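Descriptive analysis of the structure
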Amino acid sequence: QVQLVESGGGSVESGGSLKLTCAASGGRVIGMAWFRQAPGKEREGVACIHFDDRSTLYGESVKGRFTITTDNAPNTAYLQMDNLKEEDTAVYYCASNRVPIPCQVAITSPMSLDLWGQGTQVSVSS
């Protein structure tokens, strides 16, 4: 089974930046999505990318601030987070699926995804 591992989380002051990495091993994935979950809140879709054409999709709360990219060597996605806000504090997860689905579906349906990383903590302070 494909395994996903996130890295790059940490603590940053409001207005700062972080870059997260998700690396897949054990098989090929067609794309990746980033989600986040803060205590007491539902898991929220952040961004998604198709590896074939590198098309992307973002959650409304992060548009203009976060950028998802890939070099697809071998199966890796990045999440560049700029102008971070305190409300961005959460555990960030990358995810994919054994059955390919489009980003429009994946980013809004976390329960439909069956490949998940362990999460990486992002903490933004005022």
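Residues numbered from 1 in each chain as written. Predicted model: local features only at pLDDT ≥ 70, side-chain atom pairs only at ≥ 80, totals over all residues. Heavy atoms only, no water.

**Looking at the packing of aromatic side chains**
- Taken as a whole and judged by the stated rule, the model has 2 aromatic pairs.
- On the basis of an interplanar angle of 80 degrees and a centroid distance of 6.3 Å, the ring pair of Tyr-93 and Trp-116 is categorised as edge-to-face. Of the two residues, Tyr-93 is situated in strand S9 (residues 90-96) and Trp-116 in strand S10 (residues 115-116); the sequence distance between them amounts to 23 residues.
- Residue classification places Trp-116 among the partly exposed residues on the basis of a relative accessible area of 27%.
- An aromatic cluster is defined as three or more aromatic residues linked by ring pairs; in this entry it consists of Phe-35, Tyr-93 and Trp-116.
- The cationic tip of Lys-19 hangs over the ring face of Tyr-78; the distance from NZ or CZ to the ring centre is 4.9 Å.
- In this structure, Arg-43 is placed above the aromatic ring of Tyr-93, and the distance from its NZ or CZ to the ring centre is 4.1 Å. (Phe/Tyr/Trp six-rings, centres within 6.5 Å; stacked < 30°, edge-to-face > 60°. Helix = DSSP H or I, 4+ residues; strand = E, 2+ residues; numbered from the N terminus. Buried < 20%, exposed > 50% of the residue type's maximum accessible area, 1.4 Å probe, protein only. Lys NZ or Arg CZ within 6 Å of the ring centre and 35° of its normal.)

**Considering the sheet that holds strand S1 (residues 3-7)**
- Spatial strand order, S1-S3-S8-S7: 4 strands in an open sheet with antiparallel pairing. Pairing within the sheet leaves two strands with one partner each, and these edge strands are S1 and strand S7 (66-70). Direction aside, neighbouring strands of the sheet carry axes that sit 15 degrees apart on average.
- The pairing of S1 with strand S3 (residues 18-25) spans 5 bridges and is classified as antiparallel. Looking at the pairing, Glu-6 lines up with Cys-22 of S3. (Pairing = 2+ DSSP bridges. Axes fitted to C-alpha atoms, helices over the stretch in contact; angles between N-to-C directions.)

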